Amino acid sequence: MSFDFDATVVGAGAVGLACGRALAKRGLTVLVLEKEAHIGQGVSSRNSEVIHGGLYYPTGSLKAKFCVEGRRALYTFLESHKVDYRKCGKLVVATEEAEVERIEAIFQQASANGVEGLEHLTGTQARAMEPGLNAHAAILSPESGLFASHDYMLALQGEIEDAGGSVVLSTPFERAEPLPGGGFSITAGGEGGATLTSGLLVTAPGLGAQDVASRIECYPADGIPARHFGKGVYFRLTGKAPFERLIYPPPIPGALGTHYRKDLGGQAVFGPDLVYVETEDYSVDPDKAAEFEHYIRRFWPGLPEGALTPDYAGIRPKLHGKGEPQPDFQLRGREDHGIDGLVALFGIESPGLTSSLAIGEAVAEMATRG
């Protein structure tokens, strides 16, 4: 049976585009459907743009595997496509004696995950690197960095299109129906609305993952995990950035916690925190500045009074609620839902951006396995 496209991907964020690229690299004709008017307008546009080393995730988990593999591939991709990045390194800081055991556990986890170049630092060594930092001890991760995530996504789009594929914007996924002989009939709405056929279907719509899965005929309802919105806000510093490296306190339950970065424009940004919300609300409450100031002064006592201004907010597509254990990425194939040719992604939050190239390769392998 011939199809309009060999493969269709729902979602043109970093992960969806990376999936489309990986499929196109295998010689398939690829269509990427995106409901927004531009690529990367969802989760991919509202994050820290951090390249994670792979320190925190349970050994053997998809997060650990894809973060390390993805980070290595990402630096090569950014270099070859001339996308701006800075391998600035990260300090995970114990601000008091009570936190030393926690960062040591991170060191051991990161070592087990194969993260390169890790170093134990005394407080004196950390302060020599970053004067003004409050550090009882620290871990240096030299492979961590920052990058221009939108330029990265444009490069992914360019590779898909160079291979003959299409990224179609303002075209929301409406529904899909498995065809008797294999493949799918897919209906898309919006400006480019149409019904088309595709041999393979990959769903990577971030916050919309559960809704999209529910619109695929025969997808088992009990196989769609619960969705939770994990909102995080950011504040920007008025004044000179105090540190060159990423600064991370020990993680908080369910997230990595409020951290510091000097962005590619040279400005200091702090965030995100984590609050569970019911709707996609991207407002930033200026009154949160006092809470951020108190937290930041744990590792930067010299933060001037009133120097933080509200910046932006993001929402992470979490699969766990408050107080629940944090699950792994979910890449669900035929063995999970019983539908040939379908790979559905759920819970692709941090470190999804760093992991995107590795996720794309894994998805393409799953989808084309036969």
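Residues numbered from 1 in each chain as written. Predicted model: local features only at pLDDT ≥ 70, side-chain atom pairs only at ≥ 80, totals over all residues. Heavy atoms only, no water.

A. Structural detail: the environment of I186. Tracing the chain through its elements places I186 in strand β11 (residues 184–188). For the pair I186 and Q109, spaced 77 residues apart in sequence, the C-alpha separation works out to 43 Å. In this structure I186 touches T8, L33, F173, R175, A176, A194, T195, L196, S198 and L201, once residues within four positions along its chain are discounted. (Helix = DSSP H or I, 4+ residues; strand = E, 2+ residues; numbered from the N terminus. Contact = heavy atoms within 4.5 Å.)

B. Structural detail: helix α3 (residues 100–112). With 13 residues, α3 extends 19 Å from end C-alpha to end C-alpha; this agrees with the ideal 18 Å at 1.5 Å per step. Along α3, the residues classified as buried are I103, I106, F107 and A110. Looking straight down α3, one finds its buried side chains confined to an arc of 100°; they lie on one side. Those residues of α3 that are buried are in contact with β5 (90–94), β6 (119–122) and β7 (137–141). Once α3 ends, the next one or two residues include G114, with phi positive near 85°. (Expected span 1.5 Å × (residues − 1). Buried < 20%, exposed > 50% of the residue type's maximum accessible area, 1.4 Å probe, protein only. Arc of directions from axis to C-beta.)

C. Spotlight on the side chain of E349. Relative to the helices and strands, E349 resides in the loop between β20 (342–346) and α9 (352–367). At 2.8 Å, the side chain of E349 and the side chain of K318 are in polar contact. The residues touching E349, leaving out its near neighbours within four places in the chain, are K63, R316, P317, K318, H320, Q326 and F329. (Polar contact = N/O pair within 3.5 Å; in protein donor to acceptor, adjacent residues only side chain to side chain.)

D. Representation of the pattern of salt bridges. All chains considered together, the criterion is met by 22 salt bridges. Residue K87 pairs with E143 through a salt bridge whose shortest N-O separation is 3.1 Å. Remark: E143 occurs in the loop between β7 and β8 (145–147) and K87 occurs in the loop between β4 (85–86) and β5; sequence separation between them is 56 residues. Assessed through its relative accessible area of 41%, K87 is described here as partly exposed. Note that K262 is salt-bridged to E244, the shortest N-O span being 2.8 Å. Of this pair, K262 sits in strand β15 (residues 259–262) while E244 sits in the loop between β13 (228–237) and β14 (246–248); the two residues are 18 residues apart in sequence, bridging distant segments of the chain. (Salt bridge = Lys/Arg side-chain N within 4 Å of Asp/Glu carboxyl O.)

E. Spotlight on the side chain of E293. Take E293: it is sitting in helix α7 (residues 289–296). Relative accessible area serves as the criterion here: at 8%, E293 is assigned to the buried category. Each residue touching E293, except ones within four places of it in the same chain, is listed here: L303, E305, G306, A307 and L308.

F. Summary view of the packing of helix α2 (residues 62–80) against helix α5 (residues 149–162). Where α2 contacts α5, the two axes come as close as 11 Å, and the packing angle between them is 80°. The orientation of α2 with respect to α5, classified from their angle, is roughly perpendicular. Two secondary-structure elements touch here, α2 through L74, F77 and L78 and α5 through Y152, A155, L156 and E159. Considering only residue class, the contact of α2 with α5 consists of six nonpolar, no polar and one charged. (Axes fitted to C-alpha atoms, helices over the stretch in contact; angles between N-to-C directions. Parallel < 35°, antiparallel > 145°, perpendicular 65-115°, else oblique. Nonpolar A, V, L, I, M, F, W, Y, C, P; charged D, E, K, R; others polar.)

G. Region of the structure containing the nonpolar core. L17, L23, Y152, L331 and L345 are the most contacted members of the largest nonpolar core, which has 47 residues in total. It is α9 that contributes the most residues to this core, nine residues altogether. Residues within four places of L17 in sequence aside, it is in contact with G11, A12, V32, I39, M153, L156, Q157, I160 and V167. With 27 residues, the next largest nonpolar core counts L140, A241, V284 and A307 among its residues. (Core = buried A, V, L, I, M, F, W, Y, C linked by side-chain atoms within 4.5 Å.)

Worth remembering: the numbers are spatial, not functional.
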